[in-house]
Amino acid sequence: MPALAQSPIVIKFSHVVAQDTPKGKASEFFAKRAGELTKGRVKVEVYANSSLYKDKEEMEALQLGAVQMLAPSLAKFGPLGVKEFEAFDLPFIFDDYDDLHKVTNGPVGKALLAKLEPKGVKGLAYWDNRFKSFSANTPLKMPADYKGKKFRIQSSKVLEEEIRSVGGIPQVMAFSEVYQALQTGVVDGTENPISNFYTQKMHEVQKHLSLTNHGYLGYAVITNKKFWDGLPADIRGELEQAMKEATDYANKIAKEENDKALEAVKASGKTAVYTPTADERMALKKAMVPVHAKMADRVGKETLQEIYKVTGFDPNKL
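A brief report on the enclosed structure follows. (Residues numbered from 1 in each chain as written. Predicted model: local features only at pLDDT ≥ 70, side-chain atom pairs only at ≥ 80, totals over all residues. Heavy atoms only, no water.)

## Describing the side chain of Glu58
Phase 1: Note that Glu58 resides in helix α3 (residues 55-64).
Phase 2: Filtering out sequence-adjacent residues up to four positions away, Glu58 remains in contact with Ser14, His15, Val16, Tyr53, Val67, Leu70 and Pro72. (Helix = DSSP H or I, 4+ residues; strand = E, 2+ residues; numbered from the N terminus. Contact = heavy atoms within 4.5 Å.)

Structure follows, in C-alpha cells:
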C-alpha cells in the first residue's frame, strides 16, 4: 500500500496547436512548475498539436474525464452552451491589450468563467495569444477585397457573421485541417494570430498577409470540475500557483512569439506582408462592427454592455 500512495496524480493536458506556440510553451511551463511545486505529487502530461483530441472532440473528452485539462480558444464555449464567450470573437471589440485585460482580469472575466461550472467545467485562467490577421492569395486592403472568398474560421456564429459582413464565405474547419485546405484551394484564406499562421506553415500556401488586428484570439485554461474539486486542498493550492506563474509567462511570450513569427514570415519571402493604412483599417472596422448589434442577442446584451463599459468602446461613434 505505501508504494501505491506515492503514485503521482496524472493530469492529461491536451491542446490543438504546435508545441512552439505561446500556448504550447505555456502548457509545458505549467507542467514543469506543477511538478516542482507539488514535489512530484502531480505529473502533467502535455499532448500538443491535436495528438490526443481534435478541436471538436476535446471538450467532450474533458467533460467525460478522459482528459483533465484543456486550453481551448474562447470561441469554443459557444457550442458548449455558454454563448457569452463569443463576445471575444466580435470584430474590433478590443483596441489593444489594455482594453482586453480590463475584461479578462476583472469581474466580467471572472463572471464568464463561473458560467462554465454548471457544464462540469472549471475555468482557471485566461491566456493571451494575439490579435488576428487575415491572409489570402490576393491582397486584402479594402472590404471589397474579401468579397466571394472562402475564409476558414473556428466554429462560431459571430465569426460567420464577421466574414459575411465583408461579403466573404465562412468555412468552419478543424485547425489541424487548415494547411491542406489552403494548399488544395478548398478555402482561399484564413484569420490567425501570426504565431499560429507561421507554426502551421500557412505562409507556404498563402501569398498575402494583411496585418488587420481585427479580432482577438485567446484561450481559457479549463479543467474537469469534479476532478479539480476532488484534489487535496494543498495540491490544488500549489496547482493554482503554478497556473498563476504560467499565465504571467503565457501573456509575456505571446507578444514575443508573435513578433518573432512575423519576422520569420517576412524572411521566408513566400508571403507579402501588408500593414493597412488608418483609412483602410477604419473601412474594415465600419464594415464589420455592425456584427456587434446583429449578435447582441446571442452573446447577451448585458455582457456586451459590461464590456463596452469597461473598455469605453462605443460602436455608434465610428
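Following the structure, the description resumes.
## Looking at the packing of helix α4 (residues 97-104) against helix α13 (residues 301-311)
Phase 1: It is at 9 Å that the axes of α4 and α13 come closest, and there the two elements cross at 130 degrees. One finds that α4 runs oblique with respect to α13. Here the hand of the crossing between α4 and α13 comes out right-handed. Residues Asp99, Lys102 and Val103 of α4 form the contact with α13, whose participating residues are Ile307, Val310 and Thr311.
Phase 2: Across the contact of α4 with α13, the residue classes break down as 3 nonpolar, 1 polar and 2 charged. (Axes fitted to C-alpha atoms, helices over the stretch in contact; angles between N-to-C directions. Parallel < 35°, antiparallel > 145°, perpendicular 65-115°, else oblique. Left-handed = near helix turned anticlockwise from the far one by under 90°. Nonpolar A, V, L, I, M, F, W, Y, C, P; charged D, E, K, R; others polar.)

## Let's talk about unusual backbone geometry
Phase 1: With a phi angle near 55 degrees, Lys39 is a residue other than glycine that sits in the positive phi range.
Phase 2: For Lys39, the location among the structural elements is in the loop between α2 (22-37) and β2 (42-47).
Phase 3: The exposure class of Lys39 is exposed, given its relative accessible area of 73%.
Phase 4: The residue Lys201 is not glycine, and still its phi comes out positive at about 60 degrees. (Buried < 20%, exposed > 50% of the residue type's maximum accessible area, 1.4 Å probe, protein only.)

## Here we look at the pattern of salt bridges
Phase 1: Inspection of every chain in the model, using the stated rule, returns 26 salt bridges.
Phase 2: Residues joined by salt bridges that share partners form a network here, namely Lys157, Glu160, Glu161, Arg164 and Lys294. (Salt bridge = Lys/Arg side-chain N within 4 Å of Asp/Glu carboxyl O.)

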